[in-house]
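Chain by chain, the residues run as shown.
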There are 2 protein chains.
Amino acid sequence: MNKLACATALGLLVILDFVSARAAEQSAPAESNVLGAPTPRIHADHSITFTLKAPDAHTVQVAGGDGLGSGPFPMTKDPDGVWSVTTPPAVPGFHYYWFVLDGVSVNDPSSETYFGYGKETSGVEVPEGGADYYALGDVAHGDVREKRYLSKTTGEWRRALVYTPPGYDKNPTVRYPVLILQHGSGEDETGWTRQGKAQFILDNLIASGKARSMIVVMDRGYATRVATPAVKFGAGSSAMDAKTAFSAFEEVIVRDLIPAIDASYRTIPDREHRAMAGLSMGGMQTLFMMPHHLDLFAYFGSFSGPIFPDLNSKQPLGNVQERPFDAKTAYEGTFADPSAFNSRVKLFWLGVGTAEPERFRTGIRGAADALKQAGVKVVYFESAGTAHEWQTWRRGLNDFVPRLFR
Amino acid sequence: MNKLACATALGLLVILDFVSARAAEQSAPAESNVLGAPTPRIHADHSITFTLKAPDAHTVQVAGGDGLGSGPFPMTKDPDGVWSVTTPPAVPGFHYYWFVLDGVSVNDPSSETYFGYGKETSGVEVPEGGADYYALGDVAHGDVREKRYLSKTTGEWRRALVYTPPGYDKNPTVRYPVLILQHGSGEDETGWTRQGKAQFILDNLIASGKARSMIVVMDRGYATRVATPAVKFGAGSSAMDAKTAFSAFEEVIVRDLIPAIDASYRTIPDREHRAMAGLSMGGMQTLFMMPHHLDLFAYFGSFSGPIFPDLNSKQPLGNVQERPFDAKTAYEGTFADPSAFNSRVKLFWLGVGTAEPERFRTGIRGAADALKQAGVKVVYFESAGTAHEWQTWRRGLNDFVPRLFR
């Protein structure tokens, strides 16, 4: 090797060192980690390094939500008994994950936990470059309140989370419109603020003047009537089963929650100033309620909520979405008279991620198309490249909220 | 066996069956379980059954807080791969716990998680017969708010939890006194409401007229100044180290938190209407702050907070508590003039559980005795039979709060 080649090679090594140092600099612990935990660690390309100390384990994998990639990813053990893996680049947003430790799904002690899959689950936040609409920004912030209210329907003191906007406490005569915003199956009332960062989305939209100040109410979407066995729905359930399962929660909203909120906060207690929306199961609940409650709400949103052409169907849920959507009969005839619907309903909003399973995409897009064709005003929103996950719903909320109460 | 013996034996079996059926009836899933999870299951004698499905595991144990007993408790596997154990009767109250699965500490997927030990940890709530002061009772409930505020000290938007009492929103001209209430080491701002049920203790005390309506502020007791490395304290640290570690948080409280709370809520912003208290590390922080902030607070409480005779000591923390407590010099001379202290400080409250480690008990009781002997007015509170755990602090809060702002 001559001197020039040597110098070039040396220069290359220096550059490579520099690149590698920069890559190391650009990686950072996920913001979803507990205080001081170095992993999960997000790299510049959104690959993620996970670690778990388990000297005596035989196999450890990491698995999680769709946006993490096509795992589970096998981990390998170092001489200190620390298992690790760096996954392929992940989709931006929030992903549930867990370790599979000798066959048992367990949380990562380095991660905060988030209620999903019917239990507390680890989660990893992958930043999205340029997306600051859900950041904890340098703007005025509303409060998120735990509100206890007595439910006659369930016979319990229930907990709802209530976002009151910036200025709520300073302006004791101002009254606000209300959005009821529901989580998905296996999640709870904490989902929209913890995983979804809904309060920061609202703060930022309000600060920039893009949305009206409003109160947002997030309740636990499960309810069982007093002295009545719980009705479950899941794999094998029909639309009819879901309707039955949701009916107690519908009663909670109408009979208990709305009166409690109107009595506790400075709301504008009429349909023109009340919206109902939800994600996945919460979207189903919104659309299932809509036919009976146009007197209560003038704005509706369904975020990745599966569409059911016939609420009285007794066929398992998986099948019904492939049946054609008939705007005349769907949702108990709510859309049968499009001009009546359009004048009564100020916003009907449907959204889905382009990386969601086909049954979601075709069902939701198909319904939106059929309704438009029938003359129903629909806002149809697509989130590019995101799955049945929170990034889809954050983007959806950011589109939905500015359209409310205008 | 003659007929009589047979009948007697049969009767006994029937009685035993009856007893066993009653015991089964009297057992119930812990209220700290996630929705619908059958275990942990609390029996009438407060023994607890834990289960975990882990067919391929080699050993599984359950371990946890002092009140659980002298574990870890080995679990045994049934043919379906479900490991289980029923522990000896536990002390009433909230106990952190975890499974040790082939050597790795993991959460129980059946339990809610609670921030403790610097991470999300499973917890089990064991009821205390006759103790309804921390129950979610049929009384008016305050809200617990997530409040974001900008800290100049740390350069971040921090989160505090703020309890506003029943009626706060209905009475927009009424102003309230403020209690700042801090968690222990390894816990965070959620501890007092999630593990401690402080909001229900306040609701019940206010409803019964035993306490004044007040605002309670719970902040995260960790802080690092802008562009400064974090200062840690722990095993081997001295009182001086702790003082240094706590000083950034002290600055947050004085410079950022109190002004933000006074600007956001209807407080009575003077020392006669402001109290500071905390448990364990939070009690240390309260007592470490006290000498410099008698201008800000007139009420102080330390719940199981280790006592330090000399804040400038460079000896490891474990040793200093065995040194004599001198009322003249302790806490930078705060108590040196007992009558001046007594006229300025409306309440000085120290509490400890009788089942706490001896270093806590002797340190706290010794300080209370020495102060009383010196003529300082001290309320000394003991919780019978409870350890360095939340039941001690719930009982303490229930004693402390009625004494405030009188």
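Structural data are supplied above this passage.
These numbers were taken from a predicted model, which means no experiment stands behind them. (Residues numbered from 1 in each chain as written. Chains lettered and ligands numbered in written order. Predicted model: local features only at pLDDT ≥ 70, side-chain atom pairs only at ≥ 80, totals over all residues. Heavy atoms only, no water.)

### As for helix H9 (residues 358-373) of chain B
Residues and elements named next belong to chain B.
Part 1: Between its first and last C-alpha atoms H9 spans 22 Å; for 16 residues at 1.5 Å apiece the expected length is 22 Å, and the two agree.
Part 2: Residues of H9 that are buried include every one of Phe360, Gly363, Ile364, Ala367, Ala368 and Leu371, and no others. Taken around the axis of H9, the buried residues stretch over an arc of 120°, which confines them to a single face. Facing away from the buried side of H9 by over 90 degrees, the exposed positions are Glu358 and Gln373.
Part 3: In this fold, the buried residues of H9 make contact with strand S18 (347-353) and strand S19 (379-383).
Part 4: Following H9 by one or two positions, Gly375 adopts a phi angle in the positive range, close to 95°. (Helix = DSSP H or I, 4+ residues; strand = E, 2+ residues; numbered from the N terminus. Expected span 1.5 Å × (residues − 1). Buried < 20%, exposed > 50% of the residue type's maximum accessible area, 1.4 Å probe, protein only. Arc of directions from axis to C-beta. Contact = heavy atoms within 4.5 Å.)

### Looking at the relation of the copies chain A and chain B
Part 1: Of the transformation placing chain A onto chain B, the axial shift is 0.0 Å and the rotation is 180°, giving an RMSD of 0.0 Å. Overall, the copies show the geometry of a two-fold rotation axis. Within chain A, A:Arg145 has its C-alpha nearest the rotation axis, a separation of 2.1 Å.
Part 2: Comparing interface residues between copies, 100% of those in chain A also sit at the interface in chain B, which points to an isologous, same-surface contact. (Least-squares fit on C-alpha atoms with pLDDT ≥ 70 in both.)

### Comments concerning the nonpolar core
Residue and element names in this part refer to chain A.
Part 1: Among the nonpolar cores identified, the biggest contains 57 residues, and Tyr331 and Phe348 are the most heavily contacted of them.
Part 2: Among the elements of the structure, strand S13 (156-164), strand S14 (178-182), strand S15 (215-219), helix H4 (239-264), helix H5 (281-289), helix H7 (330-333), strand S18 (347-353) and helix H9 (358-373) are those that each provide at least two residues to this core.
Part 3: Ranked by residues supplied to this core, first place goes to H4 with twelve residues.
Part 4: Look past the residues within four positions of Phe348 in its chain and what remains in contact with it is Leu287, Met290, Phe300, Phe335, Phe341, Leu371, Lys377, Val378 and Val379. (Core = buried A, V, L, I, M, F, W, Y, C linked by side-chain atoms within 4.5 Å.)

### With respect to the interface of chain A and chain B
Part 1: Listed per partner, the contact involves 44 residues of chain A and 44 residues of chain B.
Part 2: Taking both partners together, chain A and chain B bury about 3,600 Å²; carbon and sulfur atoms supply 54% of that area.
Part 3: Area buried by chain A at its contact with chain B is led by A:Glu146, A:Arg148 and A:Trp157, which between them contribute 15% of it.
Part 4: The tally of links between chain A and chain B comes to four salt bridges.
Part 5: Residue B:Asp143 is joined to A:Arg145 by a salt bridge in which the shortest nitrogen-to-oxygen separation is 3.0 Å.
Part 6: Applying the counting criterion to the chain A and chain B interface returns 15 residue pairs in polar contact (both at pLDDT 80 or more). (Buried area = accessible area lost by both parts, 1.4 Å probe. Salt bridge = Lys/Arg side-chain N within 4 Å of Asp/Glu carboxyl O. Polar contact = N/O pair within 3.5 Å; in protein donor to acceptor, adjacent residues only side chain to side chain.)

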